[in-house]
Amino acid sequence: MKAVFSARRSLPCVLAGAVVLAGASSMEDVAQARTQQAAGGKKQVWSVTTCMAMIGDDPYGARDYALDWQHNGGGRDARHCHALALLEAGDEDTAARELDDLAHQPPQKGEAMPPVLRATIEEEAAEAWLSAGVPAKAQTSADFGLVAQPNDQALQIARARSVLAQNRADLAEQELAALVARFPNATTEAYVLLAEAERKMGRLDLAMQHITHALAGAPENANALLERGIIRERKGDAAGAQQDWQKVLDLSPDSHEADLARQDLAVMAADPDSP
């Protein structure tokens, strides 16, 4: 049994660093924009906040809004919103290409893209490539972003995920071990990925140590519980594995992690003596 780490983060996480979404005011902007579009209003006021706020609720509407914005002189922000709308709508391949192209864009009117924004866009591109099932391109995107922001943890984690997806557990383990050594308070995801890499390398005691650390800070993290179940199963603790996978189902029954937990439980039920 093996875990497939979710290739997508939630949309708010993807947008973090790119734009700060407003609360009620952004929803009012969205309503106003839709009203103007429906009425054929010619005094459209374009806003990155409005466009980004539409994505989670109406990605196709955000896509159309961003395209209209681009046709009316919208630049980097319009393209960025369009790419994220495509990502949320499920067109990962096109979104990844657009994000990569945007990150490589030369300075506009003499103004270079801020390194932190370039890193954010390339992290988003890496996530999109992983969702599209093209981890080699995800690694390339992460590497380009790391040129702009060498110590960006999110990009380092995206790179590690892309390396793991290419069956390079040895390299992922090396890079993630270095990351948590430098930043002991690294994200839960970093420790879960490190445990996964160690488990794939057969280092089950180290894997259990790091997944225990991850769960100490996030006891209801579905990815961490899924991974601990796999490690427990590999160590011969079938009851513990079943407990972890059942907890994943209880916490988030409609999630990708729950689908994987069901698969693992079904395999165990069909052949309880298999390692």
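Above: the structure in question.
Residues numbered from 1 in each chain as written. Predicted model: local features only at pLDDT ≥ 70, side-chain atom pairs only at ≥ 80, totals over all residues. Heavy atoms only, no water.

Enquirer: Explain the state of the cysteines to me, and be specific about the residues and the numbers.
Expert: Throughout the structure, instances matching the rule amount to one disulfide. Here C51 engages in a disulfide with C81; their sulfurs sit 2.0 Å apart. Because the torsion about its S-S bond is -100°, the bridge between C51 and C81 counts as left-handed. Residue C51 is located in helix α3 (residues 48-55), and its partner C81 is located in helix α5 (residues 76-89); the two are separated by 30 residues in the primary sequence. Across this residue pair, the class does not change: C51 and C81 are buried. (Disulfide = S-S within 2.5 Å. Helix = DSSP H or I, 4+ residues; strand = E, 2+ residues; numbered from the N terminus. Buried < 20%, exposed > 50% of the residue type's maximum accessible area, 1.4 Å probe, protein only.)

Enquirer: I'd love a proper account of the environment of E124, names of residues and values included.
Expert: Within the element layout of this structure, E124 appears in helix α7 (residues 115-131). On the accessibility criterion, E124 (2% relative accessible area) is buried. A C-alpha to C-alpha distance of 8.9 Å links E124 and D100, two positions 24 residues apart in sequence. Here H80 takes part through its side chain, which lies 2.7 Å from a polar atom of the side chain of E124. (Polar contact = N/O pair within 3.5 Å; in protein donor to acceptor, adjacent residues only side chain to side chain.)

Enquirer: Quick rundown of helix α12 (residues 204-217)? Include the residues and the values.
Expert: Here α12 is 14 residues long and its end C-alpha atoms lie 20 Å apart, about the 20 Å a rise of 1.5 Å per residue gives. If you check which residues of α12 are buried, you get L204, A207, M208, H210, I211, A214 and L215. Those residues of α12 that are buried lie in contact with α11 (188-200) and α13 (222-234). (Expected span 1.5 Å × (residues − 1). Contact = heavy atoms within 4.5 Å.)

Enquirer: Break down the packing of aromatic side chains for me, citing the residues and quoting the values.
Expert: Inspection of every chain in the model, using the stated rule, returns two aromatic pairs. Measuring from centroid to centroid gives 5.1 Å for W46 and Y65, while their planes differ by 70°, and the two rings are edge-to-face. With W46 in the loop between α2 (24-39) and α3 and Y65 in helix α4 (residues 59-71), the pair connects residues that are 19 residues apart, well separated along the chain. For Y65, a relative accessible area of 0% corresponds to the buried category. (Phe/Tyr/Trp six-rings, centres within 6.5 Å; stacked < 30°, edge-to-face > 60°.)

Enquirer: With reference to specific residues and values, describe the environment of A154.
Expert: Its place among the elements puts A154 in helix α9 (residues 153-165). When the C-alpha positions of A154 and E123 are compared, they lie 7.1 Å apart, and in sequence the two are 31 residues distant.

Enquirer: Lay out the pattern of salt bridges in plain terms, naming residues and giving numbers.
Expert: Counting across every chain of the model gives 17 salt bridges. Across the pair D244 and R228 runs a salt bridge whose closest N-O atoms are separated by 2.8 Å. Residue D244 is found in helix α14 (residues 238-251), and its partner R228 is found in helix α13; the two are separated by 16 residues along the sequence. Here E233 ties to R234 by a salt bridge, and the two come within 3.7 Å at their closest N and O atoms. What makes E233 buried here is its relative accessible area of 6%. (Salt bridge = Lys/Arg side-chain N within 4 Å of Asp/Glu carboxyl O.)

Enquirer: Requested: an account of the packing of helix α6 (residues 92-103) against α7, with residues and values cited.
Expert: Relative placement of two packed helices is described by the angle separating their axes and the distance separating the axes. Running from amino to carboxyl end, α6 crosses α7 at an angle of 155°, the nearest separation of the two axes being 8 Å. By the angle between their axes, α6 is roughly antiparallel relative to α7. Considering the relative orientation of α6 and α7, their crossing is left-handed. When α6 is examined against α7, the residues E92, D93, A96, R97, L99, D100, L102 and A103 are found in contact with a partner set consisting of R118, I121, E122, E124, A125, A128, W129 and S131. (Axes fitted to C-alpha atoms, helices over the stretch in contact; angles between N-to-C directions. Parallel < 35°, antiparallel > 145°, perpendicular 65-115°, else oblique. Left-handed = near helix turned anticlockwise from the far one by under 90°.)

Enquirer: Account for unusual backbone geometry, with residues named and values stated.
Expert: We note that N167 has phi near 65°; this positive angle belongs to a residue other than glycine. Within the element layout of this structure, N167 appears in the loop between α9 and α10 (169-182).

Geometric values such as these leave the question of function open.
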